[in-house]
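# Structural overview for review
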Amino acid sequence: MTAPTTSLSQDIYQRVSKAISDGEWLPGERLPSEEALSKRYGVSRPVLRQALAQLRAESRLMSRKGAGHYVCEVNDGHAYDFGALRNVPDVRHFLNFRAIVESEIAADVAEQANPQVLKDLREKMAALEASMARGGPSITEDIAFHLALARGCRNRFLRSALESLTDQMDVATRMNRDLAPSPLPERFRQIASEHRAVVDAIEAGDTQAARQAMHAHLTAGIQRLFGS
């Protein structure tokens, strides 16, 4: 079982990380003081410092003696260059890779049962369903859901791997929308149902169900596009 202090610092880590990702504090910008952040998030300074230490370890923050914490100019979330998807087999291998990585991300997030991450996932899920209901391609909303899940993961290598693949995710998702043979409304119903299964498993704190639901979702995408 996760110690209460560690669990609380993980929650603050997620909230500060999201604020940085959302652009509340831009690269090179100084964060508010530890006292101000402690008051904002309602935690003690030792708890806050654990969260900030994790962000420093990931090179998302840097500290300057006597001057506080600053957002790093280079985000390690885009440290890897996997290159463009070059052909159809590449797309299939990419989707298989995502099934492996994102299944473990979903399991990790389910194990934490972090309220802030759950709230963000529900918001992204609602935005995805609303876009599908309007009949749009819903590519941006789909990717946003998966990135929100990745940003809730404690393993920075899993998270960074996915965050560095947004261009490839866009290409593969667009291909699935444009080229899969089944009618788009039917696919949208399936996709929405698969995403909801992931969120439900995470909300229940069921790591195995979350792992299986994400794997089922991404392998279903392969089947929709390639037929097997």
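Residues numbered from 1 in each chain as written. Predicted model: local features only at pLDDT ≥ 70, side-chain atom pairs only at ≥ 80, totals over all residues. Heavy atoms only, no water.

### Quick word on the nonpolar core
Note on soluble globular proteins: their nonpolar side chains tend to be buried together. Convention followed: The term nonpolar core refers to a set of buried residues drawn from Ala, Val, Leu, Ile, Met, Phe, Trp, Tyr and Cys, joined through side-chain atoms within 4.5 Å. Burial classes follow relative accessibility: with a 1.4 Å probe on protein chains only, a residue under 20% of its type's maximum area counts as buried, one over 50% as exposed, and anything between as partly exposed. We call two residues in contact when some of their heavy atoms are within 4.5 Å.
Formed by 41 residues in total, the largest nonpolar core has its most connected members in Leu-95, Ile-105, Leu-121, Leu-149 and Ile-202. The contact partners of Ile-105, leaving out residues within four places of it in the chain, are Leu-149, Ala-150, Cys-153, Leu-158 and Leu-162. Core analysis: the next-biggest nonpolar cluster, separate from the first, contains 17 residues, Ile-12, Ala-19, Leu-55 and Leu-61 among them.

### Some points on the packing of aromatic side chains
How we decide: The pairing test for Phe, Tyr and Trp rings, Trp by its six-membered ring, is centres within 6.5 Å, and the orientation test on the planes gives stacked under 30 degrees, edge-to-face over 60, and tilted for anything in between. In this description a helix means any DSSP run of H or I spanning at least four residues, a strand means any run of E spanning at least two, and both kinds are numbered starting from the N terminus.
Throughout the structure, instances matching the rule amount to 1 aromatic pair. Between Phe-82 and Phe-97, the aromatic rings sit 6.0 Å apart at their centres with planes inclined by 50°, giving tilted as the arrangement. Of this pair, Phe-82 sits in the loop between strand S2 (68-71) and helix H4 (88-112) while Phe-97 sits in helix H4, and the two are 15 residues apart along the sequence. Classification of Phe-82 by relative accessible area gives partly exposed; the value is 44%. Assessed through its relative accessible area of 32%, Phe-97 is described here as partly exposed.

### Some details on helix H10 (residues 207-226)
Defined as follows: Multiplying 1.5 Å by the residue count of a helix minus one yields the expected span of that helix. Pairs of N or O atoms are called polar contacts if they sit within 3.5 Å, as long as, within protein, a hydrogen donor faces a hydrogen acceptor (for residues adjacent in sequence, only side-chain-to-side-chain pairs).
The end-to-end C-alpha separation of H10 is 29 Å, in line with the 28 Å expected for 20 residues at 1.5 Å each. Three or more residues of H10 are buried, namely Ala-210, Ala-213, Met-214, His-217, Leu-218, Ala-220, Gly-221, Ile-222, Arg-224 and Leu-225. Those residues of H10 that are buried are in contact with H4, helix H6 (139-151), helix H8 (166-179) and helix H9 (184-203). The opening residue of H10, the one whose side-chain oxygen lies 3.3 Å from the backbone nitrogen of Gln-208, is Asp-206.

### Quick word on the packing of H4 against H6
As a reminder of what qualifies: Every axis corresponds to a line fitted to the C-alpha atoms, with the helix fit spanning only the stretch in contact, and the corresponding angles, defined between N-to-C directions, vary from 0 to 180 degrees. Orientation labels follow simple angle bins: below 35 degrees gives roughly parallel, above 145 gives roughly antiparallel, 65 to 115 gives roughly perpendicular, and whatever is left gives oblique. Left-handed describes a crossing whose near helix is turned anticlockwise from the far helix by less than a right angle; the clockwise case is right-handed. In this classification, Asp, Glu, Lys and Arg are treated as charged, Ala, Val, Leu, Ile, Met, Phe, Trp, Tyr, Cys and Pro as nonpolar, and every other residue, Gly included, as polar.
At their nearest, the axes of H4 and H6 sit 9 Å apart, and the two run at 55° to each other. Taken together, the axes of H4 and H6 are oblique relative to one another. Handedness of the crossing formed by H4 with H6: left-handed. Contact with H4, carried on its side by Arg-98, Glu-102, Ile-105, Ala-106 and Val-109, involves His-146, Leu-149 and Ala-150 of H6 and no other residues of that element. For the contact of H4 with H6, a count of residues per class yields 5 nonpolar, 1 polar and 2 charged.

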